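Next come the chains, spelled out residue by residue.
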Amino acid sequence: MQEPSASPAGFAPGTMMLTAGGERPIEALAPGEMLVTLSGRGAPLKPIRALRRSAGPAMRLRAGSLGPMLPLRDLVIGAGQWLRCEAMLLPALLLDQAGRGIAAEPAAALIAIELETSDIVVGEGTPLAALPLPRPLAPPEPGLVAALRATLVRRAAPGAAPHPAAAELDRLIGMPEPPNG
């Protein structure tokens, strides 16, 4: 299982996943069940290959914290879970913004979905990456990266150390760290 960092991917029990038969809690899913996928590659439904259980740091995304009705309901995901946000695929750990209703959670039980090939599934109305994660990660458009860095990173006071998300974002998309100043 490839992950962007030491943080686990996955969804807390109770997360409603979009299946061929409608929304179902993740813990009720089984291998072979068909999930709705959004990548636009191949069939819009793909079978679950495996469900992987783990525990680790998580992020709570309050309903509407990513935009109107995104997520539909509060969503708890592993800090290493990738999701589509601002037209980019990002790990949840970069979205730690309490002011937007997104905050770190203590260790949580998590269930990750594995498909035959990487794809995007829907949990609580939110586009989320299933395992295996896409590799290599295509670099996003530079303008989007600049906007995201401004949103996530420029909360530090002048002269303070950069927000930890800056280096993580730069590492994930293969950008060199900017010079100080």
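Refer to the structure presented above.
Not measured: the values here are computed from a predicted model.

**Examining the pattern of salt bridges**
And then number 1: For the structure on display, the rule yields ten salt bridges.
And then number 2: With a closest N to O distance of 2.4 Å, Glu114 and Arg52 form a salt bridge. Taken as a pair, Glu114 in strand β9 (residues 102-114) and Arg52 in strand β5 (residues 50-61) lie far apart in primary sequence, 62 residues in all.
And then number 3: The class for Glu114 is buried, based on a relative accessible area of 10%.
And then number 4: By relative accessible area, Arg52 is classed as partly exposed at 36%.

**Digging into unusual backbone geometry**
And then number 1: With an omega of -15°, the peptide bond between Leu70 and Pro71 qualifies as cis.
And then number 2: Among the structural elements, Pro71 can be located in the loop between β5 and β6 (75-78).
And then number 3: Going from Leu131 to Pro132, the amide bond is cis rather than trans, its omega being -5°.
And then number 4: Even without being a glycine, Met69 presents a positive backbone phi close to 60°.
And then number 5: Its identity is not glycine, yet Glu124 carries a phi of approximately 55°, on the positive side.

**A few points about the nonpolar core**
And then number 1: Formed by 26 residues in total, the largest nonpolar core has its most connected members in Met17, Leu35, Leu61, Ile77, Leu83 and Ile113.
And then number 2: Secondary structure elements with two or more residues in this core: β5, β6, β7 (82-85), β8 (88-91) and β9.
And then number 3: Tallying contributions element by element places β9 first for this core, with three residues.
And then number 4: Grouped together as the second largest cluster of nonpolar side chains are eight residues, Trp82, Leu89, Leu131 and Leu133 included.

**Side note on the side chain of Lys46**
And then number 1: By secondary structure assignment, the location of Lys46 is in strand β4 (residues 45-47).
And then number 2: On the basis of relative accessibility, which here comes to 14%, the residue Lys46 falls in the buried class.
And then number 3: Within the local environment of Lys46, its side chain forms a polar contact with the side chain of Thr117, the two groups lying 3.2 Å apart.

Rules behind the numbers
Residues numbered from 1 in each chain as written. Predicted model: local features only at pLDDT ≥ 70, side-chain atom pairs only at ≥ 80, totals over all residues. Heavy atoms only, no water. Salt bridge = Lys/Arg side-chain N within 4 Å of Asp/Glu carboxyl O. Helix = DSSP H or I, 4+ residues; strand = E, 2+ residues; numbered from the N terminus. Buried < 20%, exposed > 50% of the residue type's maximum accessible area, 1.4 Å probe, protein only. Core = buried A, V, L, I, M, F, W, Y, C linked by side-chain atoms within 4.5 Å. Polar contact = N/O pair within 3.5 Å; in protein donor to acceptor, adjacent residues only side chain to side chain.

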